[in-house]
Amino acid sequence: MEISNSVKYIGVNDHAIDLFEGQYIVENGMAYNSYVILDDKIAVLDTVDADFTQEWLHNLQKQLDSRKPDYLIVQHMEPDHSAGIVGFMEMYKDAVIVASASAFNMMKQFFGKDFADRRMLIKDSDTLSLGEHLLTFVSAPMVHWPEVMVTYESTENILFSADAFGKFGALDVEEDWACEARRYYIGIVGKYGMQVQNLLKKASALTIKTICPLHGPVLNKDLDYYINLYQIWSSYRVETEGVFIAYTSVYGHTKEAAELLAKRLNELGCPKVAIADLAREDMAECVEDAFRYGKLVLATTTYNADIFPFMKEFLHHLMEHNYQNRTVAFIENGSWAPVAAKNMKALLETCKNLTFTQNEVHIKSALNEESMAQLEELACELCVEYHS
Ligand code: FEO
């Protein structure tokens, strides 16, 4: 992949991975991106995962045409991008690492050395000229780790954006960008909306023609589309009007209520209804949908005098990722001593700016006339604004 005459892609695709970052299912694999800028001086931006260091060094060598790199710019120390640092420095003895102080500290932690005699220590707004290309380093703490910086190249207007604007999926698989970029963003950076907003604010002052992230495709068309989605996600705004029903069900009675509610919401004109069984579907996909839609219905049973496990896990993901600015409703089932609705609400009351519906559904073992009526009331309340 050629980004321009001087900027080349040297990343790798990983189809052997089972769980990215030890938890995310990536059916279409993962790409670890890396770039080289060929100018009077040669700069490499980031390395790749440990299993692919040799392939990456080979990709780099093919672009160098017997020249040698001068700089290794380390934007992010998470091992999916930093594992090749030592191998690179052993191969290119005259190269210098360009990184922030906190990145060098992490090198010491990961590798037992911080290349004290082969380093260029940089801070926010520092620049580095390669000849025709001028790099400006922009610190982006917590997007996604504290040491992160992004790099702006002002001759070709390229933003090397580190993890920002990345997605799950290898680059040799065609798939929708937003779906896997949203699941990636919410899961990995979702907690740090304010820090992403800070970065977007800095980026808005720049002319950007190309975004080169550390995962996913290079973006060079319709950049407003991607930036707008990042604005929505990082400010916790609703992306899609509609209702997401997340349920767990032991013997099918709670599932029946969830599916009946979905049917009634569709009949009442709800613009979009999504439904998921938390025990059987990808948890990261469910968390993504909770952030995507404006309203969330939580349907579950009381279990061990508390909330059924998969629902409890789901709620903890929402809280950890700063879930906010949404409408939430509860459906609980309990054959005796039901507490699920009360306990779910108590957990979510710690979140910012949630509105709880007036109507709740309380099922005792199985739906009956009374709980069916509650379900109907809840469906009407959730759809009331879609009729006006
Ligand atoms: Fe792709 Fe935060 O590493």
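Structure's up top.
Residues numbered from 1 in each chain as written. Predicted model: local features only at pLDDT ≥ 70, side-chain atom pairs only at ≥ 80, totals over all residues. Heavy atoms only, no water.

## Some points on the sheet that holds strand β7 (residues 42–45)
On the basis of which strands lie adjacent, the open sheet formed by six strands has the order β1-β6-β7-β8-β9-β10 and mixed pairing. Two strands close off the open sheet at either side, each with one partner strand: β1 (7–9) and β10 (119–121). Geometrically, the sheet is characterised by an average inter-axis angle of 20 degrees between neighbouring strands, direction not taken into account. Both strand β8 (residues 71–73) and strand β9 (residues 96–99) contribute to a ladder of three bridges, which runs parallel. Within β9, the position partnered with Leu72 by the bridge is Ile97. Contacts from helix α1 (residues 53–64) reach β1, β6 (35–38) and β7 within the one sheet, and its direction differs from that of β6 by about 20 degrees. Lying over the sheet, helix α4 (residues 101–111) contacts β9 and β10, oriented at roughly 120 degrees with respect to β9. (Pairing = 2+ DSSP bridges. Helix = DSSP H or I, 4+ residues; strand = E, 2+ residues; numbered from the N terminus. Axes fitted to C-alpha atoms, helices over the stretch in contact; angles between N-to-C directions. Contact = heavy atoms within 4.5 Å.)

## As for the pattern of salt bridges
Using the criterion set out here, one finds 14 salt bridges in the structure. Among the salt bridges present, the one from Glu288 reaches Arg182, with a minimum N-O distance of 2.7 Å. On the criterion of sequence distance, the pair formed by Glu288 in helix α9 (residues 283–292) and Arg182 in helix α5 (residues 177–189) is long-range, its members being 106 residues apart. As far as the burial class goes, Glu288 and Arg182 line up, both buried. We note a salt bridge from Glu385 to Lys295, for which the minimum N-O separation is 2.6 Å. Pair noted here: Glu385 is in the segment after α12 (369–383) and Lys295 is in strand β18 (residues 293–303), with a separation of 90 residues, a long-range link. (Salt bridge = Lys/Arg side-chain N within 4 Å of Asp/Glu carboxyl O. Buried < 20%, exposed > 50% of the residue type's maximum accessible area, 1.4 Å probe, protein only.)

## With respect to the packing of aromatic side chains
Scanning all chains against the criterion turns up 23 aromatic pairs. Aromatic pair Tyr236 and Phe291: ring centres 6.4 Å apart, planes at 45 degrees, arrangement tilted. With Tyr236 in the loop between α7 (223–234) and β16 (240–247) and Phe291 in helix α9, the pair connects residues that are 55 residues apart, well separated along the chain. Each member of the pair, Tyr236 as well as Phe291, carries the same accessibility label: buried. Aromatic pair Phe308 and Phe310: ring centres 6.3 Å apart, planes at 35 degrees, arrangement tilted. Judged by relative accessible area, Phe308 falls into the buried class, the value being 12%. Counting every residue linked through ring pairs, the aromatic cluster contains Phe165, Trp177, Tyr185, Tyr225, Tyr226, Tyr230 and Trp233. Positioned above the aromatic ring of Phe104 is the side chain of Arg119, whose terminal nitrogen or guanidinium carbon lies 4.1 Å from the ring centre. (Phe/Tyr/Trp six-rings, centres within 6.5 Å; stacked < 30°, edge-to-face > 60°. Lys NZ or Arg CZ within 6 Å of the ring centre and 35° of its normal.)

## Section: the sheet that holds strand β13 (residues 149–153)
Strand order in the open sheet formed by five strands is β11-β12-β13-β14-β15, with mixed pairing between adjacent strands. Here the strands that pair on one side only, and so sit at the sheet edges, are β11 (127–129) and β15 (210–212). For this sheet the average axis-to-axis angle between neighbouring strands, irrespective of direction, equals 20 degrees. Bridge count between β11 and strand β12 (residues 134–139): three bridges; the pairing is antiparallel. Paired with Thr127 across the strands is Thr136, a residue of β12.

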